[in-house]
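# Inside the fold
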Amino acid sequence: MRLKTSHLKEPKHKELVSCVGWTTADELYSCSDDHHIMKWNLLTCETTQVVKLPNDIYPIDLHWFPKNIGGKKQSQAESFVLTSSDGKFHLISKIGRVEKSVEAHCGAVLAGRWNYEGTALVTVGEDGQIKIWSKSGMLRSTLAQQGTPVYSVAWGPDSEKVLYTSGKQLIIKPLQPNAKVLQWKAHDGVILKLDWNSVNDLILSAGEDCKYKVWDSYGRLLYSSQPHDYPITSVAWAPDGELFAVGSFHTLRLCDKTGVRNVINDAVDLLEFRDRVIKACLNYGHLVVSTSLQCYVFSTKNWNTPLIFDLKEGTVSLILQAERHFLLIDGGGIYLYSYEGRLISSPKYPGMRTDVLNAQTVSLSNDTLAIKDKADEKVIYLFEALSGKPLGDGKPLIHKTEITEIALDQKGITNERKIVFIDKNRDLYITSVKRFGKEQKIIKIGAMAHTLAWNDTSNILCGLQDARFTVWYYPNTVYVDKDLLPKTLYEKDASEFSKNPQIVCFVGNQVTIRRADGSLIHLNISPYPAILHEYVSSSKWEDAVRLCRFVKDQTMWACLAAMAVANKDMTTAEIAYASIGDIDKVQYINSIKELPSKESRMAHILLFSGNIQDAEMLLLQAGLIYQAIQVNINLYNWDRALELAVKHKTHVDTVLGYRQKFLEDFGKKETNKRFLQYAEGLEVDWDKIKAKIEMEIAKERERAAATPAVRASVTVQR
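Moving on to the overall build of the protein chain. In terms of regular secondary structure, the protein chain is built from 14 helices and 46 strands. For the protein chain, the spread of C-alpha atoms along the three principal axes comes to 105 × 65 × 45 Å. Considering the protein chain as a whole, with its 718 residues, one finds that 50% of them fall into the buried category. Across the protein chain, the fraction of contacts at a sequence separation of at least 24, relative to all contacts at a separation of at least 6, is 42%. As displayed, the protein chain offers around 35600 Å² of accessible surface, 51% of which is attributable to carbon and sulfur atoms. The positive charge centre, built from 88 side chains, and the negative charge centre, built from 85, are 2 Å apart in the protein chain.

Our focus in this paragraph is the side chain of Asp-216. Structurally, Asp-216 can be placed in the loop between strand S19 (212-215) and strand S20 (221-224). A distance of 2.9 Å separates the side chain of Asp-216 from the backbone nitrogen of Tyr-218, its partner in a polar contact. Contacts of Asp-216, omitting those with residues within four sequence positions, involve Asp-201, Leu-202, Ile-203 and Leu-222.

Before going further, it helps to spend a moment on helix H7 (residues 598-608). Counting buried positions over the eleven residues of H7 gives nine, a clear majority of the element. Along H7, the residues that are buried comprise Glu-599, Ser-600, Met-602, Ala-603, His-604, Ile-605, Leu-606, Leu-607 and Phe-608. Within two residues after H7, Gly-610 carries a phi angle of roughly 85 degrees, on the positive side.

Our focus in this paragraph is the pattern of salt bridges. Taken as a whole and assessed by the stated rule, the structure comprises 28 salt bridges. The salt bridge partner of Asp-427 is Lys-444, with a shortest N-O separation of 3.3 Å. Residue Asp-427 is located in the loop between strand S37 (418-423) and strand S38 (428-432), and its partner Lys-444 is located in strand S39 (residues 443-446); the two are separated by 17 residues in the primary sequence. Classification of Lys-444 as partly exposed rests on a relative accessible area of 44%. The residue Glu-643 makes a salt bridge to Arg-640 at a minimum N-O spacing of 2.9 Å.

With that settled, the discussion passes to the confidence of the model for the protein chain. Within the protein chain, residue pLDDT values average 86, and 93% of them lie at 70 or more. Below a pLDDT of 50 lies the segment residues 709-718, which in the model reaches eight contacts outside its immediate sequence neighbourhood of four places, other chains included.

Of all hydrophobic cores here, the largest spans 46 residues; its most connected members are Cys-462, Phe-469, Phe-497, Val-511, Leu-532, Leu-560 and Tyr-577. Here this core gets ten residues from one element, more than from any other, and that element is helix H4 (residues 554-566). In terms of nonpolar packing, the next biggest core, distinct from the first, is built from 27 residues, Ala-615, Ala-628, Leu-656 and Val-684 among them.

Moving on, we get to the sheet that holds strand S16 (residues 182-185). Two orientations exist for strands paired in a sheet by backbone hydrogen bonds: parallel and antiparallel. The strand order across the open sheet built from four strands is S13-S14-S15-S16, with neighbouring strands paired in antiparallel fashion. The outermost strands of the open sheet, each flanked by one partner alone, are strand S13 (153-155) and S16. Here the strands of the sheet are splayed against their neighbours by 15 degrees on average, with no regard to which way each runs. Note: strand S14 (residues 161-166) against strand S15 (residues 169-174), six bridges, orientation antiparallel. By the bridge assignment for S15, Val-162 is matched with Lys-173.

Before going further, it helps to examine the side chain of Arg-417. With respect to the element layout, Arg-417 can be found in the loop between strand S36 (403-408) and S37. Here Gly-412 takes part through its backbone oxygen, which lies 3.1 Å from a polar atom of the side chain of Arg-417. Excluding anything up to four places from it in sequence, Arg-417 contacts Ser-365, Asp-367, Thr-368, Leu-408, Asp-409, Gln-410, Lys-411, Gly-412, Thr-431, Ser-432 and Val-433.

When you tally the buried positions in S37, you get six out of six residues, the bulk of the element. Side-chain alternation along S37 places Lys-418, Val-420 and Ile-422 on one buried face and Ile-419, Phe-421 and Asp-423 on a second face that is also buried. Both S36 and S37 contribute to a ladder of five bridges, which runs antiparallel. Along S37, the bridge assignment pairs Ile-403 with Asp-423. Taking the residues between adjacent antiparallel strands as the criterion, S37 and S38 are bridged by four residues, where Arg-426 takes a positive phi near 70 degrees.

A few words on the pairing of S38. Counted residue by residue, S38 has five buried out of five residues, so it is predominantly covered. On S38, burial covers both faces: Leu-428, Ile-430 and Ser-432 on one face and Tyr-429 and Thr-431 on the other are all buried. Relative to S38, S37 is paired through five bridges, and the arrangement is antiparallel. Within the sheet, the bridge partner assigned to Lys-418 lies in S38 and is Ser-432. Here S38 runs beside S39; their pairing, made up of three bridges, is antiparallel. Pairing of Tyr-429 across the sheet is with Lys-444, part of S39.

The strand order S28-S29-S30-S31 describes an open sheet built from four strands, whose pairing is antiparallel. At either margin of the open sheet sits one strand with a lone partner, and together these are strand S28 (318-321) and strand S31 (343-345). Taking the axes of each pair of neighbouring strands and ignoring which way they run, one obtains an average angle of 30 degrees across the sheet.

For the coordinates displayed, the defined rule picks out 24 aromatic pairs. Relative to Phe-244, the ring of Tyr-212 has its centre 5.8 Å away and its plane inclined at 75 degrees; by these criteria the two rings are edge-to-face. In this pair, Tyr-212 is assigned in strand S19 and Phe-244 in strand S22 (residues 244-248), connecting sequence segments 32 residues apart. When the centroid spacing of 5.1 Å and the interplanar angle of 55 degrees are considered together, the rings of Phe-662 and Phe-666 count as tilted. Judged by its relative accessible area of 55%, Phe-666 falls in the exposed class. These aromatic residues form a ring-pair network of at least three members: Tyr-212, Tyr-223, Trp-237 and Phe-244. One cation-aromatic arrangement involves Lys-418 over Tyr-479; the distance from NZ or CZ to the ring centre is 5.3 Å.

Reading guide: rules and limits
- Residues numbered from 1 in each chain as written.
- Predicted model: local features only at pLDDT ≥ 70, side-chain atom pairs only at ≥ 80, totals over all residues.
- Heavy atoms only, no water.
- Helix = DSSP H or I, 4+ residues; strand = E, 2+ residues; numbered from the N terminus.
- Buried < 20%, exposed > 50% of the residue type's maximum accessible area, 1.4 Å probe, protein only.
- Contact = heavy atoms within 4.5 Å.
- Areas by Shrake-Rupley, 256 points an atom, 1.4 Å probe, with all protein chains shown as cover.
- Lys, Arg positive; Asp, Glu negative; His and termini not counted.
- Charge placed at Lys NZ, Arg CZ, Asp CG, Glu CD.
- Polar contact = N/O pair within 3.5 Å; in protein donor to acceptor, adjacent residues only side chain to side chain.
- Salt bridge = Lys/Arg side-chain N within 4 Å of Asp/Glu carboxyl O.
- pLDDT = per-residue confidence, 0-100.
- Core = buried A, V, L, I, M, F, W, Y, C linked by side-chain atoms within 4.5 Å.
- Pairing = 2+ DSSP bridges.
- Axes fitted to C-alpha atoms, helices over the stretch in contact; angles between N-to-C directions.
- Phe/Tyr/Trp six-rings, centres within 6.5 Å; stacked < 30°, edge-to-face > 60°.
- Lys NZ or Arg CZ within 6 Å of the ring centre and 35° of its normal.

Below, the structure written as structure tokens:
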């Protein structure tokens, strides 16, 4: 992306232009010391005078009232606040009518900003005061008072705290009276301008030391520019947090760029558009480009005839692509389109705000859309992509801590779709998007994570954890055999990527990482795990085993072991576990094979993966009451074992017998009242118990032999 600049032959303003503000992607307002407010239309190149201010008003700062609050456009959204050198701020409508002028500060009002909900206004001035006002212009409070002029101010993303300058210091002050204030030295000269982005939660600052810097919301430095020739006088984030602009004397800088080049044959295609390009995204063989009026969908096989359709709003802030469709987010809503240009769905949720959504808080797959809630950052809304309706029972995914980044895997069926997320403690979790049972099983798979990406063609995950680059070749291992997870990882020292790198994409076996200075680094990982995923998804188990024998890598065998157990192929699992030396698990798999019925074998496979409740349920549904009781005895779940025995009126003596033997082995006496109650008058006869157990096993063998077809169908349905 390049900045296009042009100069008018005859300037529209006669004096210095002090402030500008965008209304849409193609319209902006400007204010000048000549007291005129002008409206500029970039589509028609027309400039019209909105109003001439009184001669005593010299504008300093302008900020439009936020649009689409809670998904609804308000009449006040067609107005802006203008601060001026006479100590006042003015509420002015879009047509130029001054609705209200308020005496605010002693000396010039240097900046004014609406909060993101449009419920409050903050102003700062030469008198060093920071004041909070209602949206109608009534003073609520004086938040702070500095000994020096406050040149710039910004609201925090949650509108609960304010960031402002104080000489060389940056200060974050919450609105609550007794809350902790965060203050740090940010520059070697007076700080002139700052901005705080609501989407990425990052802070920009610029000062007379001729530098601009990027900070996180805890005051930690993420990036510092080289000194420029002149002081940096202005900085501003793009609303989506992807880019920011930096202004200095005769200088305007943009921090990022994108382009289109066919790297296979080095051919360059020049794509020209009628209107200005706002957003572009290239993935899955398609380039999606949004201009101020239309959306263009190109196939990488044919750049000459794009599919074109009109947009409802020309303010697209995010484009996300999946294999079968893509997502557009603008000021009006969330829209899912097919690559043929057909609108598929438009998901909605309570209090939806599209202006704060970005690639870290929205994720798309072929069947699922996930969106992190901004109002409650512990919540993730999950939607069916094709219908736009909430997934499953309609309940969102709720975590115990605020979530910072989410990502859906891209391959496989809906029932197996997984989502990973990073919370504010920098812990990395994985869970299934479909709820099985009462509670969603959320499992931690990493720590100190700050960026991640799924592979585009197989469910392989990569991320940066502290100073390590990590690849989870088969993250689903945590649901199969937790002990195996460390053996399925690839790790590499990440210190060469410098501070705060970000993963841009993970395509094929190449990971692209952007360093803090903007440079791109490409990492190649082994291609074999992706081939293994492909073999397993096609049930080519013999090919999978041959591949692992060819590669001779313990990581591959560990992945195959977990994949085989997940797919109930215990023969392959036995080979894989033997290859990595897990002999105890090989023996357990052998014991599973010897079980008399398919239900028992399936239940013990579930037990192998730690799914105790599912295993018990399967046995009970199949009428194998003794086996369900014995499972709980083996796991020392004594209360549950007794509960099942009493409920089904069988094997109470078996449970009591094993309980007594357990206590005797440890030299303890029975203290459980329930066990004492049922033990009264009941004699434990081990000969009878063993006879009953043998009878149960014989009965199970007979049933399995008598109805093989029925049993097989039960297994398939499971």
